[in-house]
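Next come the chains, spelled out residue by residue.
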Amino acid sequence: MAILCALGLHGSAMAGLAEGANAYNARNYALALKEVTPLARSGNADAQHLLGLMYYMGRGVGRDYKQAFAWHYKAALQGKADAEYVVGAMYYTGNAVPQDQKLAVQWFRKAAEQGHPDAQQALGLMYRYHVGGMPQDVVIAYMLWNLAAASGHRNAGEQRAGIARQMTQEQIDEAQALSRNWKPGTPLPTQSRTGGAVP
């Protein structure tokens, strides 16, 4: 009986989330808010992320970056990659929280290790330009941009092409090998063998 109740609750939660997401996509933000808020309050990470977006964009609610951060943070703590990326971006820019590039790196890395292309692109920039305490490493930057580009991230593809013109063939070969051998859900390398020699 308890299992049936749990399955029923889970099924209705998923239905509510689908209805909320469909309403959001149809720009019916009042209905989206009605469907998503109870789910977010009950701990559903997808609903928390969507509610965070609504506060961030001011859709169906007044724009409130502190609320946006709070809901994204709850979802990020549960491993929601989209929310981890937003938390990282908010720490990076200091939007609603004290600016902290090292925390930004931590959250970008969590999302990037799940295969989140925006997080991979952002983390690549941090390696390329030695931001947030990251070592400057063109091989890791190329690898991250290569992964993001494979997921369709156009800017990452352009950044990869730009840095490739300044890299040695050995560095490009290492970056390509790292890209091929990495699998989502596993740690990303923190440094390369040849990428410290920055052009």
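Analysis parameters
Residues numbered from 1 in each chain as written. Predicted model: local features only at pLDDT ≥ 70, side-chain atom pairs only at ≥ 80, totals over all residues. Heavy atoms only, no water. Helix = DSSP H or I, 4+ residues; strand = E, 2+ residues; numbered from the N terminus. Buried < 20%, exposed > 50% of the residue type's maximum accessible area, 1.4 Å probe, protein only. Contact = heavy atoms within 4.5 Å. Areas by Shrake-Rupley, 256 points an atom, 1.4 Å probe, with all protein chains shown as cover. Lys, Arg positive; Asp, Glu negative; His and termini not counted. Charge placed at Lys NZ, Arg CZ, Asp CG, Glu CD. Expected span 1.5 Å × (residues − 1). Polar contact = N/O pair within 3.5 Å; in protein donor to acceptor, adjacent residues only side chain to side chain. Axes fitted to C-alpha atoms, helices over the stretch in contact; angles between N-to-C directions. Parallel < 35°, antiparallel > 145°, perpendicular 65-115°, else oblique. Left-handed = near helix turned anticlockwise from the far one by under 90°. Salt bridge = Lys/Arg side-chain N within 4 Å of Asp/Glu carboxyl O. pLDDT = per-residue confidence, 0-100.

Q: How would you sum up the overall build of the protein? Please name residues and give values.
A: Helix and strand counts for the protein come out as 10 helices and 0 strands. What you see in the protein, going N to C, is helices and strands ordered as α-α-α-α-α-α-α-α-α-α. Its C-alpha atoms put the protein at 60 × 40 × 25 Å along the principal axes. Here the protein holds 199 residues, and 45% of them are scored as buried. Nonlocal contacts in the protein, meaning residues at least 24 apart in sequence, comprise 54% of its contacts between residues at least 6 apart. As displayed, the protein has an accessible area near 10,200 Å², and 54% of this comes from carbon and sulfur atoms. On the protein, the mean spot of the 18 positive side-chain charges and the mean spot of the 14 negative ones are 4 Å from each other.

Q: Lay out helix H4 (residues 65–77) with the relevant residues and their values.
A: With 13 residues, H4 should cover 18 Å at 1.5 Å per step; its first-to-last C-alpha distance of 18 Å lies within 8% of that length. Listed as buried for H4 are Ala-68, Phe-69, Trp-71, His-72, Ala-75 and Ala-76. Buried residues along H4 sit in contact with helix H2 (29–41), helix H3 (45–57), helix H5 (81–93) and helix H6 (101–112). Where H4 begins, the side chain of Asp-64 points an oxygen toward the backbone nitrogen of Lys-66, at a separation of 3.1 Å. Count one or two residues on from H4 and you reach Gly-79, which has phi positive near 90°.

Q: Outline the environment of Tyr-127, supporting the account with residue identities and numerical values.
A: Following the sequence through the fold, Tyr-127 ends up in helix H7 (residues 117–128). For Tyr-127, a relative accessible area of 0% gives the class buried. Along the chain, Tyr-127 and Leu-144 lie 17 residues apart, while their C-alpha atoms are 9.3 Å from each other. For Tyr-127, the residues in contact, after removing those within four places along its chain, are Arg-109, Met-134, Pro-135, Gln-136, Asp-137, Ile-140, Ala-141, Leu-144, Pro-189 and Thr-190.

Q: Please set out the packing of H2 against H3 residue by residue, giving values where relevant.
A: For the pair H2 and H3, the least separation of the axes is 8 Å and the interaxial angle reads 135°. Here H2 lies oblique to H3, going by the angle between them. The two elements H2 and H3 cross, and the hand of that crossing is left-handed. Contacts between H2 and H3 involve Tyr-29, Ala-32, Leu-33, Val-36, Thr-37, Leu-39 and Ala-40 from the former and Ala-47, Gln-48, Leu-50, Leu-51 and Met-54 from the latter.

Q: Now, about the pattern of salt bridges: what can you tell me, with residues and values included?
A: Oppositely charged side chains can form a pair if their charged atoms are brought close together. Evaluation of the coordinates by the stated rule reveals 4 salt bridges. As a salt-bridge pair, Asp-46 and Lys-80 come within 2.7 Å of each other at their nearest N and O atoms. Placement of the pair is Asp-46 in helix H3 and Lys-80 in the loop between H4 and H5, with a sequence separation of 34 residues. Under the relative-accessibility criterion, Asp-46 is labelled partly exposed at 31%. For Glu-170, the salt bridge is made with Arg-193, and the minimal N-O distance between the two is 3.2 Å. Here Arg-193 lies in the segment after helix H10 (169–181) and Glu-170 lies in helix H10, a separation of 23 residues in the sequence. Assessed through its relative accessible area of 62%, Arg-193 is described here as exposed.

Q: Report on the confidence of the model for the protein, specifying residues and quantitative values.
A: Counting all residues, the mean pLDDT for the protein is 89, and 91% of those residues have values of 70 or more. Predicted confidence in the protein is weakest over helix H1 (residues 2–25), with a mean pLDDT of 59, and strongest over H4, with 97. Considering only residues more than four positions removed or in separate chains, one finds that residues 1–13, a stretch of pLDDT under 50, has 1 contact.

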